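# What the coordinates show
Spelled out, the chains give:
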Amino acid sequence: MLDKKFLGETHINMILEMTEQEASEHLEKVGKKLRVINRDNRGLMVTMDIDPNRVNVFVKNGKVSHLDTIG
């Protein structure tokens with residue numbers, strides 16, 4: 001499912017359905033970092049700092065299921 005927030009950023013949308021490891025490696029190639037903020041429907045503790053090169057995602061059953069925000 002394409003996330004409209006990242007329309008035009010196909011390198012980010014491509015990580016949907018990738019494993020957490022695959023997504024992290026893919027984003028590193030384009031200068032971004034992966035941060036899991038929700039795993040298997042459980043919110044994780046995160047810092048409130050903003051990093052424009054960080055992609056916040058939800059992971060379900062080991063795969064990226066949802067793109068949340070950049071930051």
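Reading the values: rules and limits
By convention here, each chain's residues receive numbers from 1 onward along its written sequence. It should be noted that, the model being predicted, local features are given only for residues of pLDDT at least 70 and side-chain atom pairs only at 80 or more, the latter also being counted only at that level, while totals for whole chains, interfaces and linings use all residues. Neither water nor hydrogens contribute to the side-chain values; these are computed over all heavy atoms in the structure. By the criteria applied, helices consist of DSSP H or I runs no shorter than four residues and strands consist of E runs no shorter than two, each listed in order from the N terminus. Each residue is placed in one exposure class: buried if its accessible area under a 1.4 Å probe, protein chains only, is under 20% of its type's maximum, exposed if it is over 50%, and partly exposed if it falls in between. We call two residues contacting when some pair of their heavy atoms lies within 4.5 Å. Only the protein chains shown count as cover for residues, and all accessible areas are computed by the Shrake-Rupley method using a 1.4 Å probe. Strands qualify as paired when DSSP identifies two bridges or more between them. As a rule, the C-alpha atoms of each element are fitted with a line to give its axis, helices using only the stretch in contact, and angles between N-to-C directions run from 0 to 180 degrees. In this context, the arc is that of the directions from the helix axis out to the C-beta atoms.

A tally of helices and strands in the protein chain yields two helices and four strands. For the protein chain, the sequential pattern of α-helices and β-strands runs α-α-β-β-β-β. Here the protein chain holds 71 residues, and 35% of them are scored as buried. When contacts within the protein chain are restricted to residue pairs at least 6 apart in sequence, those whose partners lie at least 24 apart make up 27%. Per element, the accessible surface of the protein chain, about 4700 Å² overall, is 55% carbon and sulfur.

Turning to its location among the elements, M48 is positioned in the loop between β2 (42-43) and β3 (54-60). When the C-alpha positions of M48 and G71 are compared, they lie 9.0 Å apart, and in sequence the two are 23 residues distant.

The subject of this paragraph is the sheet that holds strand β4 (residues 63-70). Sheet architecture is open: four strands sit in the order β2-β1-β3-β4, paired in mixed fashion. Bordering the open sheet on either side are β2 and β4, each of which pairs with just one other strand. By the bridge criterion, two bridges tie strand β1 (residues 33-39) to β2 in an arrangement that is antiparallel. From the neighbouring strand, R39 faces β2, where its bridge partner is R42. Strands in contact with helix α2 (residues 20-29) are β1, β3 and β4; relative to β1, the strand with the most contacts, it is inclined by about 150°.

Before going further, it helps to spend a moment on the pairing of β4. Looking at chain direction, β3 and β4 are connected through six bridges and run antiparallel. Bridge pairing in β4 links N56 to T69. The hairpin turn running from β3 into β4, its antiparallel successor, is two residues long, and N61 in that turn takes a positive phi close to 55°.

Moving on: α2. Taken as a whole, α2 has its buried residues at A23, H26 and L27. The arc that holds the buried residues of α2, viewed along the axis, is 95°, so those residues lie on one side. Among the exposed residues of α2, those pointing more than 90 degrees away from its buried face are Q21, E28 and K29. Buried residues along α2 sit against α1 (10-13), β1, β3 and β4. G31 occupies a position one or two residues after α2 and carries a positive phi of about 80°.

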